[in-house]
Each structure stands twice: as C-alpha cells, then as structure tokens.
Amino acid sequence: MTQPNIFITRIIPDPGLLLVKEHYFPDTWPHDPPPTREQLIERSRGVDGLLCLLTERVDAQLMDSIGPQLKVISSMSVGVDHIDVAAATARGIPVGNTPGVLTDATADQAFALMLSAARRITEAERFLRAGKWVTWSPSLLLGADFAGATLGILGFGRIGQAVAKRARGFDMRVLYHSPNAQPMYDAQSTDLDTLLRESDFVSIHVPLNPKTRHLVNAEFLSKMKSNAVLVNTSRGGVLDQTALYDTLKSNRIFAAALDVTDPEPLPMDCPLLELENCLIVPHLGSASKKTRDMMSLLAAQNLVAGLKGERLPNCVNPEVYDRTQTSPGV
Ligand code: DGY
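Residues numbered from 1 in each chain as written. Predicted model: local features only at pLDDT ≥ 70, side-chain atom pairs only at ≥ 80, totals over all residues. Heavy atoms only, no water.

## Looking at the sheet that holds strand β6 (residues 150-154)
Taking strand neighbours across the sheet as the criterion, the seven strands line up as β8-β7-β6-β9-β10-β11-β12 in an open arrangement whose pairing is parallel. Pairing within the sheet leaves two strands with one partner each, and these edge strands are β8 (188-189) and β12 (278-280). One ladder, built from three bridges, connects strand β11 (residues 255-258) with β12; its direction is parallel. Bridge pairing in β12 places Leu258 opposite Ile280. (Pairing = 2+ DSSP bridges. Helix = DSSP H or I, 4+ residues; strand = E, 2+ residues; numbered from the N terminus.)

Here it is as structure tokens:
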C-alpha cells in the first residue's frame, strides 16, 4: 500500500509529531515563521492530509490546488475561522480542531489580562523601569477593584464558563450573554445592552464569523461603563480596533487588554500601541506547555483518523459523514 502524503505546516510539539511519525513520514515545515501563501500552495500540492495552524488560510483555492485526494484537514487550534469549513464540507473533507484542552489555559489568560489591565501592571512596570518611581504615593497608578464588581461574559461556551468559574473566587457578580447557553457558576443570563450597562469588566469569548466580525464596535463600546475594562482573548476580528483606539484615547472606558489582534502580528505602527491604557500580548491564550502538547496530540489524532478513513475524534463539520459516500474526501 502506498504511504499517504502529509504536510504539517510547522514543527508542532512532540506528542503530536511523534504520533504522526509512528504511522507516516510527514513533510514538516521546519521554520518559524510559517510558510508564505505561495510556499503553502507549493508544499501541500498532492497531499492526502494537511495539519495546519491558525496562521494558515485554508480556503477553497488551497483545497483545489492540493487536489481531490485530500482526505483530512486538521488544525492545531480550537478556532477554525482560518479554514473555509463550508468549502471543505462541499468537497467531503472532514475538518478537525482541538476543543477542551485549551479551555483552562485561555480562561487563565483572560483573567491574567483582566487583572493586569485593571491593576495597570504593565504600565506600572514601564513606569518603574523608566526610573519614575520617586516615592510611595496615595494616588500612584490607582486601578480597579474586583471584589463586588460585575463581570460580563460575551459568549458562554467552554472558555466563557471557565472564566465565570474563576470569577467566583474573586467575589464577582457574573452576567453573560450567549444564545442557548445554560446558566452555571452563579452567572446570570442577560441581554447585551444590560450586560454592557452593568459590567465593570467585559470579557469576549465568541468565535469569529460573519456575524461577530466587529461586534465590538463604536456603538458597543459607547454602551460600556466609563470605569470598565475590556478583555479580548477570542479573535482580533471581533473588535473594531479603530473604534477601540478612539474610545481608549478619550478615556471613555478605563482600559483594554488584548490577547488577539487584527492583523496578527500587529504592525508596530498600530496606534493602539501608543496608549498606556491598552495592554496587548501576542496571541498567547493557549500558551502553556501542557496545553500545547495536548493540542498537538488532538490535532495528530484527527489527522491519523482522517487518513485511515475513520471518523475524526473532534470534527467541526460532522455533516460530511451524513453523506452517502463511505469515506469522506475520497
Ligand atoms: C485556538 O486554538 O483557536 C487558540 O486561539 C490558540 O491559542
């Protein structure tokens, strides 16, 4: 039997890479940064399995240039907004992702950012390193309190719920807005306007899709409290960065903390970088060793299952299996 061809678009952590290598001889992109679009098209042409990261745009054009033998697209990410899932489904190709294993790490990151922005940690460190610390002062770098504050969670899936769970330990009141989500961890469901009107902290946990693109726009921001802190660990495209700049520049909210931006990486001339009340880190929500190991393993399991013609353990388009054909992508 001929070996399937596989392209892995970056060196992924060992647990996943070793699992793939137990079965196959993958071609692996050896560099950081990722392949350019041209390199991706070139290297993936003719493969049976693609294991990609969120840095690769996997659209219909790429699927067609890879060819009709493509059996599986597996992404080492929970978000799949970089993949045209509808185009994959139309071609009978199952798409795999890595849910669950990054829930805690991402919720931790949301909380770390919330605390840092509220207590001005990065601003304070810049202040100290610049030699500006003259004395303890009653009014130096005052921030916001957590106990008794209201946290509004937009998107109450796994990660939003894990943020609510953490908020209980900080004695916060928690509101959430999310269609069809069940209440848990004492969080109360509410409409978006009430959430924005009442929340001292707003944390975003929605996937990026045409409905959520620029959901956080000038109107959204204008409804937030003037003392509020906004945290985004979902996708940069959910937020209109120009509107956020105007809002922060005029101190219409207290601060924002962003784990994700649009584009990524954020160009160094982005005006948000001028602002003391905007904390930005380079998409690190899932960046813990254990989490990344687990993500690579889940991505590899999806890839191997797809290549064997088995159902992916974590498939975002299970409707491919409802078709009459026996083996998707064939
Ligand atoms: C994901 O997996 O979608 C995360 O954004 C990675 O941190």
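## Some words on the packing of helix α5 (residues 103-118) against helix α7 (residues 158-169)
Where α5 meets α7, the closest approach of the two axes is 8 Å, and the angle between their N-to-C directions is 55 degrees. Relative to α7, the element α5 is oriented oblique. Two packed elements cross with a definite hand, and for α5 against α7 that hand is right-handed. For the pair α5 and α7, contact is made by Thr103, Asp104, Thr106, Ala107, Asp108, Ala110, Phe111 and Met114 and by Arg158, Ile159, Ala162, Val163, Arg166 and Ala167, respectively. Across the contact of α5 with α7, the residue classes break down as eight nonpolar, two polar and four charged. (Axes fitted to C-alpha atoms, helices over the stretch in contact; angles between N-to-C directions. Parallel < 35°, antiparallel > 145°, perpendicular 65-115°, else oblique. Left-handed = near helix turned anticlockwise from the far one by under 90°. Contact = heavy atoms within 4.5 Å. Nonpolar A, V, L, I, M, F, W, Y, C, P; charged D, E, K, R; others polar.)

## Description of α7
Ile159, Gly160, Gln161, Ala162, Val163, Ala164, Arg166 and Ala167 are the residues of α7 that are buried. Once α7 ends, the next one or two residues include Asp171, with phi positive near 55 degrees. (Buried < 20%, exposed > 50% of the residue type's maximum accessible area, 1.4 Å probe, protein only.)

## With respect to the domain arrangement of the chain
With domains assigned, the chain is organised as domain 1 (6-100 + 289-322) and domain 2 (103-280). Here the C-alpha centroids of domain 1 and domain 2 sit 32 Å apart. Taken together, the contact between domain 1 and domain 2 spans six residues of the former and five residues of the latter. Contact between domain 1 and domain 2 buries roughly 520 Å² in total, counting both sides, with carbon and sulfur atoms accounting for 46%. When residues of domain 1 are sorted by the area they lose upon contact with domain 2, Leu54, Asp81 and Gly100 head the list and together hold 66% of the total. Taken together, the connections running from domain 1 to domain 2 amount to one salt bridge. (Domains from an automatic or database assignment. Buried area = accessible area lost by both parts, 1.4 Å probe. Salt bridge = Lys/Arg side-chain N within 4 Å of Asp/Glu carboxyl O.)

## Comments concerning the sheet that holds strand β5 (residues 95-96)
Here five strands make up an open sheet; going across it, the order is β2-β1-β3-β4-β5 and the pairing parallel. Unpaired on one side and paired on the other, β2 (27-28) and β5 mark the two borders of the sheet. Examined bridge by bridge, strand β4 (residues 72-75) and β5 share two bridges and lie parallel to one another. Its bridge partner lying in β5, Ser74 is registered against Gly96. Relative to the sheet, helix α2 (residues 37-44) contacts β1 (6-8), β2 and β3 (49-52), its axis offset from that of β1 by approximately 155 degrees.

## A look at unusual backbone geometry
The linkage connecting Asp32 with the following residue, Pro33, adopts the cis geometry, with an omega of 10 degrees. The residue Pro33 is located in the loop between β2 and α2 in this model. Cis geometry marks the peptide bond from Glu264 to Pro265; its omega dihedral reads -5 degrees. Among the secondary structure elements, Pro265 is positioned in the loop between β11 and β12.

## Examining the packing of helix α1 (residues 14-23) against helix α11 (residues 289-307)
For the pair α1 and α11, the least separation of the axes is 6 Å and the interaxial angle reads 25 degrees. The angle between α1 and α11 places the two elements in the roughly parallel class. On the side of α1, the interface is formed by Pro15, Gly16, Leu19, Val20 and His23, while α11 contributes Asp293, Ser296, Leu297, Ala300, Gln301, Leu303 and Val304. Here the residues of the contact of α1 with α11 sort into seven nonpolar, four polar and one charged.

## What to know about the side chain of Asn232
When you line up the elements, Asn232 lands in strand β10 (residues 229-232). The residues contacting Asn232, other than those within four sequence positions of it, are Ile204, Leu239, Ala257, Leu258, Asp259 and Val260.

## A few points about the site of the ligand
With respect to spatial proximity, the complete set of residues near the ligand consists of Leu54, Ser77, Val78, Gly79, Leu102, Arg235, His283, Ser286 and Met295. One nitrogen or oxygen atom from the main chain of Gly79 is found 2.8 Å from an oxygen atom belonging to the ligand. Note that an oxygen atom of the ligand is positioned 2.8 Å from one of the side-chain N or O atoms of Ser286. Relative to its free-state accessible area of 230 Å², the ligand is covered by the protein chains to the extent of 92%. When the residues that make up the shell around the ligand are grouped by side-chain class, the tally is four nonpolar, four polar and one charged. (Near = heavy atom within 4 Å. Polar contact = N/O pair within 3.5 Å; in protein donor to acceptor, adjacent residues only side chain to side chain. Areas by Shrake-Rupley, 256 points an atom, 1.4 Å probe, with all protein chains shown as cover.)

## Regarding the pattern of salt bridges
Going through the model one piece at a time under the given rule, you end up with 20 salt bridges. A salt bridge links Glu219 to Lys223, with the nearest nitrogen and oxygen atoms 3.2 Å apart. Connected through salt bridges with shared partners, the residues Arg37, Arg57 and Asp59 form a single ionic network.

## Some thoughts on the environment of Arg57
Secondary-structure assignment places Arg57 in the loop between β3 and α3 (60-66). A polar atom in the side chain of Arg57 sits 2.5 Å from the side chain of Asp59.

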